[in-house]
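# Remarks on the overall topology
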Amino acid sequence: KTTKINNRRYLGNKYKLLSFITKVVEDECENISTVADIFAGTGAVASAFTDKKLITNDIMYSNYICHMAWFSSEDYSEEKLVDIILEYNSMNVEQDNYMSENFANTYFSLEDCRKIGFIRQDIEDRYADGEINTKERALLITSLLYAMDKIANTCGHYDAYRQGVEFEKHLELAVPQPDLGLNENNVCYNMDTNELVKDIEADLVYIDPPYNSRQYCDAYHLLENIARWDKPEV
């Protein structure tokens, strides 16, 4: 199975508005070569401008690592990714780990928590051993985050989980399919936007901040935890 950038639930996702956004840019803007999306979220808006140089930013690492997967121009081996993902999907993990010890039978079943924790650690081990490069690491983490999102026992956010339900869906990773021919000068940031804008230049800037004072990490703390893999005390 494969997955595209839009196959994710996220607050304020603008994927369904892309035709409107691109029409405005086409009608109103000329000579655009660099596009900056500085509250990029899932990267949906940036994905409409992959024929340009892209600058993406998000304060959440879980979004930043997905931007690296979708927009970094670093070479990677899709064959290698397929082999690793097939291996992950076929395994049965019986040993407990950080994920199962803290989150079993909440957002995910015990079985899937064990698998999520094992896979996430294995990605770091492969990266540390030089078996995968930065782009491949990002693609594997993105594949895991998207697979988690597909089966999470929530209504899309991680501020609460539904109690007393059957875990009918189980973890199955898919191979991310970034666009081909990405600009080699694309750059992804994981910064406070107020600091970033002092140091970047772009012809077109898309600015879509949160609509109130809430922090999105409140709703996506679990995905952020998995992406960072610092394993803090819960």
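Before reading on, note that the structure itself is shown above.
In what follows, the accompanying structure is described.

Turning next to the pairing of strand 3 (residues 53–57). The element strand 3 is extensively covered by neighbouring structure, given that four of its five residues are classed as buried. Bridge analysis of strand 3 against strand 5 (residues 187–189) gives three bridges, and the strand direction is parallel. In the strand pairing of strand 5, Ile55 is matched with Val187.

At Asn105, a position not held by glycine, the phi torsion is positive, near 60°. As for its position among the elements, Asn105 is in the loop between helix 4 (98–103) and helix 5 (110–128). The phi dihedral of Trp229 is positive, around 55°, even though this residue is not glycine.

Inspection of every chain in the model, using the stated rule, returns zero disulfides. We note that Cys66 lacks a disulfide partner, and the nearest cysteine sulfur, in Cys188, lies 11 Å from it. With no disulfide of its own, Cys217 lies closest to Cys66 among cysteine sulfurs, the gap being 13 Å.

Here we take up the packing of helix 2 (residues 61–71) against helix 8 (residues 217–228). Relative orientation and spacing of two packed helices are given, respectively, by the angle between their axes and the distance between those axes. Between helix 2 and helix 8, whose axes approach to 8 Å, the crossing angle comes to 60°. Taken together, the axes of helix 2 and helix 8 lie oblique to each other. Across from Tyr61, Ser62 and Ile65 in helix 2, the residues of helix 8 making contact are Leu223, Glu224, Ala227 and Arg228.

About the thresholds
- Residues numbered from 1 in each chain as written.
- Predicted model: local features only at pLDDT ≥ 70, side-chain atom pairs only at ≥ 80, totals over all residues.
- Heavy atoms only, no water.
- Buried < 20%, exposed > 50% of the residue type's maximum accessible area, 1.4 Å probe, protein only.
- Helix = DSSP H or I, 4+ residues; strand = E, 2+ residues; numbered from the N terminus.
- Pairing = 2+ DSSP bridges.
- Disulfide = S-S within 2.5 Å.
- Axes fitted to C-alpha atoms, helices over the stretch in contact; angles between N-to-C directions.
- Parallel < 35°, antiparallel > 145°, perpendicular 65-115°, else oblique.
- Contact = heavy atoms within 4.5 Å.

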